[in-house]
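Remarks on the overall topology
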Amino acid sequence: MSFGWAEAFTLGSHALNIYQENLKYDELSLEAARRNAQTRRNAQIRNQTLGANDQIRGEQAALEAKSYAFDSWEIALETRRAKASAMAERAQTGGFTIDNYKSHFDNISRSGARARSRRLLNYGTRIRNIQIEGEGDRRATVAKNFSANFIQGPSKTGLVLANLGIGLDAAKDIGFKTDVKTGTQVPRWQ
């Protein structure tokens, strides 16, 4: 028996199936590549945002340090002013003793030391809050980057096996025919 229109049509149908499988594979691969590229861009944007936020937090910490230094200087200046004022006040009244001066100056010094200590505690708390905020942002960014769903493209092995299956179907459809008398499959070309 020769190769006729029916066989050509069957072979063309199987060739079309192989083309469609390859086309589907290419489309899925391209979609996976697009989505993965977008996921990588999103991760880069998150990392750049984190870097910018870290820079802002660094500036905040620097401003807090300047504020702390200025406040400490102001507290020391106020302490000296209070001592000078007390000394001038006591000198005008004429009734003073060394012990009286010493205890009054010690009270002023303790008050200044408490104010500096409170300011240092506030400064430390603000800096620690900035650090905690930064650590929270870093962890959130890392978690988002790790949880980004990269898509695995279709399997090349699956494509080869699908095409092989189509080829085997084509060989069976074209290479064999059903014997009319017995109803069994027999090779087409004998």
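Scope of this entry: the structure provided in the associated data block.

Parameters and conventions
Residues numbered from 1 in each chain as written. Predicted model: local features only at pLDDT ≥ 70, side-chain atom pairs only at ≥ 80, totals over all residues. Heavy atoms only, no water. Helix = DSSP H or I, 4+ residues; strand = E, 2+ residues; numbered from the N terminus. Rg over C-alpha atoms; globule rule 2.2 N^0.38 Å. Contact = heavy atoms within 4.5 Å. Areas by Shrake-Rupley, 256 points an atom, 1.4 Å probe, with all protein chains shown as cover. Lys, Arg positive; Asp, Glu negative; His and termini not counted. Charge placed at Lys NZ, Arg CZ, Asp CG, Glu CD. Patch = residues over 30% accessible without salt bridge, like charges linked within 9 Å, V, L, I, M, F, W, Y side chains within 5 Å. Salt bridge = Lys/Arg side-chain N within 4 Å of Asp/Glu carboxyl O. Buried < 20%, exposed > 50% of the residue type's maximum accessible area, 1.4 Å probe, protein only. Phe/Tyr/Trp six-rings, centres within 6.5 Å; stacked < 30°, edge-to-face > 60°. Expected span 1.5 Å × (residues − 1). Arc of directions from axis to C-beta.

This brings us to the overall build of the chain. The secondary structure content of the chain amounts to 3 helices and 2 strands. Relative to the globule expectation of 16 Å for 190 residues, the C-alpha radius of gyration of the chain, 43 Å, shows a markedly less compact shape. With the C-alpha coordinates of the chain rotated into their principal frame, the extents come out at 140 × 25 × 15 Å. In the chain, the proportion of contacts linking residues at least 24 apart, taken out of those at least 6 apart, comes to 71%. Taken as a whole, the chain presents about 13,800 Å² of accessible surface, with 59% of it coming from carbon and sulfur. In the chain, which carries 28 positive and 20 negative side-chain charges, the distance between the mean positions of the two groups comes to 5 Å.

With respect to the secondary-structure elements, Arg119 resides in helix α2 (residues 98-146). Contacts of Arg119, omitting those with residues within four sequence positions, involve Glu64, Ser67, Tyr68, Asp71, Ile75 and Arg126.

Taken together, the side chains of Leu16, Tyr19 and Leu23 define a hydrophobic patch exposed on the protein surface, amounting to about 300 Å² of accessible area. Relative to the assigned elements, Tyr19 resides in helix α1 (residues 5-93). With a relative accessible area of 51%, Tyr19 lands in the exposed category.

Enumeration over the complete set of coordinates arrives at 2 aromatic pairs. Taken together, a centroid distance of 4.9 Å and an interplanar angle of 20° make the contact between Tyr68 and Tyr123 stacked. Here Tyr68, found in helix α1, pairs with Tyr123, found in helix α2; they are 55 residues apart in sequence, far enough to count as distant. Their ring planes at 40° and their centres at 6.1 Å tell us that Phe70 and Trp73 sit as a pair that is tilted. Here Phe70 pairs with Trp73, and both are found in helix α1, just 3 residues apart, close to one helical turn. Classification of Phe70 as partly exposed rests on a relative accessible area of 47%.

Moving on, we get to the pattern of salt bridges. It is possible for side chains of opposite charge to pair when their charged atoms get near one another. With the rule as written, the count across this model stands at 12 salt bridges. Measuring nitrogen to oxygen at the nearest pair gives 2.9 Å for the salt bridge that ties Arg57 to Asp137. Taken together, the positions of Arg57 in helix α1 and Asp137 in helix α2 put the pair 80 residues apart, joining distant regions of the chain. A residue is classified by how much of its surface remains accessible, and Arg57, at 6% relative accessible area, is buried. We note a salt bridge from Glu78 to Arg81, for which the minimum N-O separation is 2.5 Å.

With 20 residues, helix α3 (residues 156-175) extends 27 Å from end C-alpha to end C-alpha; this agrees with the ideal 28 Å at 1.5 Å per step. Among the residues of α3, those classed as buried are Leu159, Asn163, Ile166, Ala170, Ile174 and Gly175. All buried residues of α3 project into a common sector of 140° when viewed along the axis, lining one side. The outward face of α3, more than 90 degrees from its buried face, is lined by the exposed residues Thr157, Leu161 and Leu168.

What follows concerns the environment of Gln55. Tracing the backbone through its elements, the reader meets Gln55 in helix α1. The exposure class assigned to Gln55 is exposed, which follows from its relative accessible area of 52%. Taking C-alpha positions, Gln55 is 10.0 Å from Gly134, a pair spaced 79 residues apart along the chain.

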